[in-house]
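Below are the chains, spelled out letter by letter.
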Amino acid sequence: MKKRQSYPIANSTLMWLFAALLMAVMPHAPRLPLLVTALFLVFLSWRYMMVIYRWQPLSKISRFALTSLGLAVVYITQGTLIGRDAGISLLIAMLGVKLLEMSNERDVYITIMIAYFLVITHFLYSQSLLTAGYMFVVVVVITTTLIDLNRHEHGGAAQIKSNLQAAGWLMLQAAPFMLFLFILFPRIGGPIWGLHDETRGGTTGLSEEMSPGMISNLSGSDEVAFRVKFDAELPPNPQRYWRGPVLWHTDGQRWKASISGQPPAGRSSLPDFEPLGAPFKYTVTMEPSNQRWLFALDLPGVIPQESALTKDFQLQTVKPITQRVRYDMVSFTEYRTGKISLLERQRALQLPAGVNPETQRLGRRWRAELNNEAAIIDAALRMYATEEFIYTLSPPLLLTADPMDKFLFDTRRGFCEHYSSSFVTLMRAAGVPARVVTGYQGGELNPVGDYLIIRQKDAHAWAEVWLDEFGWVRVDPTAAVAPERVELSINNALSRQGEAVTFDLPIGGKLGELVRKFRFGWDSMNNGWNQWVLNYNEAQQRSFLSNLGLGIESWKDMVIALAIALFSLLGMFGAFILLRNYQSPDPIVRLWKAYCRKLSRKGVWRRPSEGPRAFSERVVTMHPEWAGDVNQITQLYIDIRYANAARQESVRALRNAINRFKP
Amino acid sequence: MSQQPSAGRSGAFERFLKRRYVKPGEARLHRRKIFILPTYYGLVFGATLFIMLLGALNYNNNLAFMLTFLLGGVALIATYHTYRNINRLLLRAGRCNPTFAGQPAHFRLIVDNLNGNPRYAVELIANDGSGTRADIPANSLTALELAVPTTRRGRHALGLVTIQTSYPIGVYRAWSYVDPQASCIVYPRPEGLDRAPPPSQSVGAEQGNQHHGTDDFIGFRDYASGDSPRHIHWKAVARGQPIMTKQFSRPESQELWLDWDMLQGTDTESRLSQLCKWVLDAEDAGCRYGLRLPKQVIEQGNGEDHKHRCLEALALFEDVP
């Protein structure tokens, strides 16, 4: 801390710094007010000109003016100076000002520290694999700046390379430390202080309400909803119904969970159904949805932590899901549910009076003619299958007070929400208790990671009806219209406005194959990243460490384990870095060095200018008692090195002599 | 007149380290002699990491954790890199050309890098704070020059030298103290009246070698030590003959005795400064000159060697009452 002299800042250091800052700031640009980005770029270019054309540094007054300008711009564009977004704007604006006033070593250090800090702010917006990779490059460039600042001589392409190499090595060598710290550093559950509201962006997905068009909107999205890894076999595609919100109440147009929005059936601590087949065991990794539903294969057999199961088999968390969650799940695809309560029956038959009169009339007619639940269902499905119903992503709008009537008897073009809601309406009119279930259907198998990817476009709606002998039974009217829907995934690019939906068929040709492989490989990498890196939280840490079986239970154990790990790593690293350069590939040189080391321990150093003979003469003068050994070793060495003596025996003799030599 | 290195500026801890770990002479830096502590920037870096850690904890952001831990790892291993940057360097004093008081003494220190790692930005700092910085290539000897200001004539000891480095990332300072036992002869400051010394009366015939000037060549004589190399008959030497010196005739008046006793009435240092100036002037004018000090007499002569002999006598003059 003392006696540090200040050296002028080399231009090369400034150039590195400019590059590093540009790389660190620019990914924020789409999120920043345009004016802030512009201000930063102007200041950066200005400083660049100062270097290139030797412009004069700024006066104190103009620096003050520019600082005020920066503050003003941030305040005007953001309306505040506090909070995440405004804070980052402020940081970037002030970084620009700092660049202009930067004059000595200290300023450069401060700027570099701010640059490191700026990198971390990106992670509040994105933690994807791409972001991580890019930011790693940025960190290498920032570190290179730091190294260049600490160099004495500057300039030359060779130095650019050697500085980059040095920075890369530092990162590589720091990686094991990072790994241990990452695993063992005790995590705490929630935030230290609340800042979280702004981290939630708008996410697409299912909600507790279904109105016409909602799910068909989702069908345009390739965003991943969740990924599922099965322990053993996968259920066949027609059985892959991922259960989400269950909707009971309708006003004829929209469907809701209940009038109040809360699930009407109450919670149960145990799944109330009788499993009929073998269970499927799997693990779901769900992307944040800002909703409270956990998705599980129909029907879920266990209840994950911090969640509950409603009577209508919805899994709901206590708090909205704002971060990626992972849960283990067991499901039974064949089951018989328990009894229906009076209240449930009442709700499952609710229909608004006077709305959709045609539909209600049709239902009542079926009840009168058939008087058998199974036959009624059959009649409805037969209607969808045989009459001219078309399954389309962009159905015509149903802008009428009786949308079901218009759909069933007029347009006949619809998406799953149309089919499920019209079906349930028909059933209720015919006196069959029924409800709408929304969720996802299908999923794409990633052969690279051997897991299912369920995307938003797989969102689906189907129906459940109550039959006395089976309980609640799933009926998917969409499958009656478009059986492929439950076999294949929807292909967005090919499904045009108003046309019938096309489905993903395997793309032909080598290129198609390559594209598919790449897509699966990339998703598999992302999935691994999510599973192992981003999802590593307090609970994961605890279970990971207890699975290790090292007895690391409490955070105190973690701290101790961390200290041990870091110290041993440092020790190993030290041995590596300090000894690496002293090993010569030539065994003779190694022997000679070992001999010199023995002498150096006794305080006799070979001077670089001394050849073996001069050295040995000096040693003998200083320590006549070693004369015999020293002379023998020196003579052997000289013979081998310079006189080309018969090597094998001489080398052995030299080794023995040196091993014997005990100064 | 040797100057002791002043220890007044250094702290108690530093004084302890110096007393405990420094041995005079050639030194090889190794783990027991190298100290390492964070710099001011190291503390700033630590504070930055701490803030980043708080952010990561608060947002429960695993990438933020990773970055913080990566930089933490860099901070840990940088200790080794900084330490290694001066480890196993061999330091010894090189030659130091004499200088005049008031001008810097250029101490040369030989830094010997015995292994295959180049060392970057190694700093040497003298006791008075003057320093130098250089890169030291792998497997090489590098001479570094420390320019230390001088004020007084005499033998100027360099004293302890701090060798230090902050490479690669400036967050640590690794340093060691060495005492290379380097010293420099500092001649008196050449100043005084701008007048030539009075010619010495008795010179001339008494000495019998009046023909040594630079005007007309008059013949050869045997070489005597102190003769100017310019006057050696090199061609003869090249032929393998004994070394001969060319003799030239020169006016008598340019033979001088520079006498301490001529400068009565002023103090010792002023007298020495005046004598110093006379020596330089006489050498410039091509005179033959001798120096008479109270306890030492340097016979007349000229040339670089002669000049330095005289100046050294002045530099190391000890005023005995």
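Note that this is a predicted model, so its numbers are computed, not measured.

### A look at the pairing of strand 15 (residues 255-259) of chain B
Look at any regular strand and the pattern is simple: side chains alternate between the two faces of the sheet.
All names here are of chain B.
Step number 1: Taken across its 5 residues, strand 15 has 4 buried, putting it largely inside the fold.
Step number 2: Note: strand 15 against strand 16 (residues 288-293), 5 bridges, orientation parallel. Counterpart to E255 in the pairing with strand 16 is R288.
Step number 3: As a crossover connection, the stretch from strand 15 through helix 6 (residues 268-285) into strand 16 is right-handed.

### Looking at the interface of chain B and chain A
Step number 1: The partner chain A presents 51 residues to the 50 residues of chain B that form the contact.
Step number 2: Per-element tally for the side of chain B that touches chain A: the top contributor is helix 3 (residues 62-84) of chain B, with 16 residues.
Step number 3: Each residue belonging to the side of chain B that touches chain A can be placed in one class, and the counts come to 28 nonpolar, 17 polar and 5 charged.

### Topic: the packing of helix 20 (residues 627-642) of chain A against helix 21 (residues 647-660) of chain A
All names here are of chain A.
Step number 1: Direction vectors running N to C along helix 20 and helix 21 enclose 150°, while the axes themselves pass 10 Å from each other. In this view, helix 20 runs roughly antiparallel relative to helix 21, as classed from their interaxial angle. Regarding helix 20 and helix 21, the two cross each other, and that crossing is left-handed. Facing helix 20, whose interface residues are D629, Q632, I633, L636, Y637, D639 and I640, helix 21 presents R647, S650, V651, A653, L654, A657 and I658.
Step number 2: In the contact of helix 20 with helix 21, the residues fall into 9 nonpolar, 2 polar and 3 charged.

### Section: the sheet that holds strand 21 (residues 471-475) of chain A
Residue and element names in this part refer to chain A.
Step number 1: Ordered by their spatial adjacency, 5 strands build an open sheet running 10-3-17-20-21, and the pairing between neighbours is antiparallel. On the outer flanks of this sheet lie strand 10 (296-297) and strand 21, each paired with one strand and no other.
Step number 2: Here strand 17 (residues 434-441) runs beside strand 20 (residues 459-467); their pairing, made up of 7 bridges, is antiparallel. Considered in strand 20, the bridge of Y440 is made with A459.
Step number 3: With respect to the sheet, helix 13 (residues 416-429) is in contact with strand 17, strand 20 and strand 21, its orientation differing from that of strand 20 by roughly 15°.

### Quick word on the confidence of the model for chain B
Residue and element names in this part refer to chain B.
Step number 1: Here chain B shows a mean pLDDT of 82. Residues at 70 or above account for 86%.
Step number 2: Within chain B, helix 3 carries the highest mean pLDDT (94), whereas helix 4 (residues 204-207) carries the lowest (40).
Step number 3: Counting contacts from residues 1-9, a segment whose pLDDT is below 50, to residues more than four positions away or on other chains yields 17 contacts.
Step number 4: Under a pLDDT of 50 for its full length, residues 201-213 has, in the predicted model, 21 contacts with residues more than four places off or in other chains.
Step number 5: Quick note on the complex model: pTM equals 0.70, ipTM equals 0.79.

### Observations concerning the packing of helix 6 of chain B against helix 7 (residues 304-315) of chain B
All names here are of chain B.
Step number 1: In the contact formed by helix 6 and helix 7, the axes pass within 10 Å of each other and the chain directions differ by 175°. For the element pair helix 6 / helix 7, the angle class is roughly antiparallel. Each of L272, L275, C276, V279 and E283 in helix 6 lies in contact with helix 7, whose residues at this interface are K307, C310, L311 and L314.
Step number 2: For the contact of helix 6 with helix 7, the per-class residue count stands at 7 nonpolar, no polar and 2 charged.

### Side note on helix 11 (residues 373-386) of chain A
All names here are of chain A.
Step number 1: For helix 11, which comprises 14 residues, the first-to-last C-alpha distance of 20 Å matches the rise-based estimate of 20 Å (1.5 Å per residue) to within 8%.
Step number 2: For helix 11, every residue scored as buried is listed here: E373, I376, I377, A380 and Y384. Buried residues of helix 11, seen end-on, are gathered within an arc of 100° and therefore sit on one face of the element. Projecting away from the buried face of helix 11 at angles above 90 degrees are the exposed residues R382 and T386.

Calculation notes
- Residues numbered from 1 in each chain as written.
- Chains lettered and ligands numbered in written order.
- Predicted model: local features only at pLDDT ≥ 70, side-chain atom pairs only at ≥ 80, totals over all residues.
- Buried ≥ 20, exposed ≤ 12 C-beta atoms within 10 Å, placed from the backbone.
- Helix = DSSP H or I, 4+ residues; strand = E, 2+ residues; numbered from the N terminus.
- Pairing = 2+ DSSP bridges.
- Right-handed = clockwise from strand over helix to strand, strands pointing away.
- Contact = placed C-beta atoms within 7 Å.
- Nonpolar A, V, L, I, M, F, W, Y, C, P; charged D, E, K, R; others polar.
- Axes fitted to C-alpha atoms, helices over the stretch in contact; angles between N-to-C directions.
- Parallel < 35°, antiparallel > 145°, perpendicular 65-115°, else oblique.
- Left-handed = near helix turned anticlockwise from the far one by under 90°.
- pLDDT = per-residue confidence, 0-100.
- Expected span 1.5 Å × (residues − 1).
- Arc of directions from axis to C-beta.

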